[in-house]
Amino acid sequence: MEGSVFTPSLEGMKHIKSPEGEMLAKPFLDVCKLILPVIDKFGSAMTLVKSDVGGNISRLEKKYETNPTKYKFLYNMVKEEVECQTATGSSSCTNGLLWLTRAMDFVVELFRNLLSHPDWTMTECCTDSYGKTLKKFHGWLASSSFTVAMKLAPDRKKFMEVIAGSGDVNADMEKFCSTFPPFLVENHKFLANFGLDDMKA
């Protein structure tokens, strides 16, 4: 593997914005897709996250593919649903974008924990990042399932070896944790403009 598992997504992040600074739908979704193999390396601890992320990416991709010109800009999907008053539906693209962004917040926080707390076990890193991101939006059932899944987190040392590849994994992880969050913050701000950022599961 050339570089670390983060290398493809870091490369993709350079193309998320148009020259005018607008969020482009396909490049954003492609970067999220490139993060799936990273999530995969967590094994069964991340099965829930992976299926959630994968499902939301494909929902947004399907919409994009119906009219790539119309939905070139990511937020056009949301604007259209807001106008049609369908944005709050559980199968809406707005809901998909919100949960995809939240899952990515969780992943970023998890890697921040791995960088900041070299003494923490993988389960501790996962549980702390879950508490800071997704937990407040999950009901009791989702929260319980998540808590059980976190206990299946892999051994930290083995995990770091698996994701390292031939790159400087810590440097790439730091770059990932500084480069990706501004896009996620922008998504939250955009959704908050319409009062859509606090929807619960």
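Preceding this section is the structure that the text describes.
Notes on the structure in this doc start here. Remember, predicted model here, so these are calculated numbers, not experimental data.

Reading the values: the criteria
- Residues numbered from 1 in each chain as written.
- Predicted model: local features only at pLDDT ≥ 70, side-chain atom pairs only at ≥ 80, totals over all residues.
- Heavy atoms only, no water.
- Helix = DSSP H or I, 4+ residues; strand = E, 2+ residues; numbered from the N terminus.
- Buried < 20%, exposed > 50% of the residue type's maximum accessible area, 1.4 Å probe, protein only.
- Expected span 1.5 Å × (residues − 1).
- Contact = heavy atoms within 4.5 Å.
- Salt bridge = Lys/Arg side-chain N within 4 Å of Asp/Glu carboxyl O.
- Core = buried A, V, L, I, M, F, W, Y, C linked by side-chain atoms within 4.5 Å.
- Phe/Tyr/Trp six-rings, centres within 6.5 Å; stacked < 30°, edge-to-face > 60°.

## Some points on the side chain of Asn95
In step 1: Inspection of the secondary structure puts Asn95 in helix α5 (residues 93–116).
In step 2: On the basis of relative accessibility, which here comes to 10%, the residue Asn95 falls in the buried class.

## Overview of helix α2 (residues 25–40)
In step 1: Taking 1.5 Å of rise per residue, 16 residues should cover 22 Å, and α2 covers 23 Å from first to last C-alpha, within 8% of that figure.
In step 2: Here α2 has its buried residues at Ala25, Phe28, Leu29, Val31, Cys32, Ile35, Leu36, Val38 and Ile39.

## Let's talk about the environment of Val78
In step 1: Within the secondary structure, Val78 is located in helix α4 (residues 75–83).
In step 2: Sequence separation between Val78 and Asn95 is 17 residues, and the spatial gap between their C-alpha atoms is 9.0 Å.
In step 3: The residues touching Val78, leaving out its near neighbours within four places in the chain, are Thr94, Leu97, Phe190, Leu191 and Leu196.

## Focus: the environment of Ile57
In step 1: Of note, Ile57 is situated in helix α3 (residues 47–66).
In step 2: Spatially, the C-alpha atom of Ile57 lies 10 Å from that of Val31, the residues being 26 residues apart in sequence.
In step 3: With near-sequence residues (within four places) excluded, Ile57 lies in contact with Leu29, Cys32, Lys33, Leu36 and Leu100.

## Regarding the pattern of salt bridges
In step 1: With the rule as written, the count across this model stands at eleven salt bridges.
In step 2: With its nearest N and O atoms 2.9 Å apart, the salt bridge here joins Glu11 to Lys14.
In step 3: With relative accessibility at 56%, the residue Lys14 sits in the exposed group.
In step 4: Among the ionic pairs, Glu80 bridges to Lys63, the shortest N-O distance being 3.4 Å. Taken together, the residues span a long stretch of sequence, with Glu80 in helix α4 and Lys63 in helix α3 at a distance of 17 residues.
In step 5: In this structure Glu80 comes out as buried when scored by relative accessible area, which is 18%.

## Details of the nonpolar core
Grouped burial of nonpolar side chains is what soluble globular proteins tend to show.
In step 1: Counting residues in hydrophobic clusters, the biggest one holds 66 residues, and the most contacted among them are Phe6, Phe28, Phe106, Phe111, Phe176 and Phe180.
In step 2: Top contributing element to this core by residue count: α5, with 13 residues.
In step 3: If near-sequence neighbours (up to four positions away) are discounted, Phe28 is found in contact with Ile16, Met23, Leu74, Leu97, Leu100, Phe180, Leu184 and Asn187.

## A closer look at α5
In step 1: Spanning 24 residues, α5 covers 34 Å between terminal C-alpha atoms, matching the ideal 34 Å at 1.5 Å per step.
In step 2: Taking burial as the measure, the 24 residues of α5 include 20 buried ones, the bulk of the element.

## Quick look at the packing of aromatic side chains
In step 1: For the structure shown, the criterion picks out 13 aromatic pairs.
In step 2: A centroid spacing of 4.0 Å and a plane angle of 5 degrees characterise the contact between Tyr75 and Phe190, whose relative ring orientation is stacked. With Tyr75 in helix α4 and Phe190 in helix α10 (residues 181–193), this residue pair connects regions lying 115 residues apart in the sequence. Considered together, Tyr75 and Phe190 belong to a single accessibility category, that of buried residues.
In step 3: When the centroid spacing of 5.6 Å and the interplanar angle of 35 degrees are considered together, the rings of Phe176 and Phe180 count as tilted. Here Phe176 and Phe180 have matching classes, each one buried.

## Comments concerning unusual backbone geometry
In step 1: Look at Gln85: it is not a glycine, yet its phi comes out positive at around 60 degrees.
In step 2: Structurally, Gln85 is set in the loop between α4 and α5.
In step 3: On the basis of relative accessibility, which here comes to 72%, the residue Gln85 falls in the exposed class.

That's the geometry; what it means functionally is another story.
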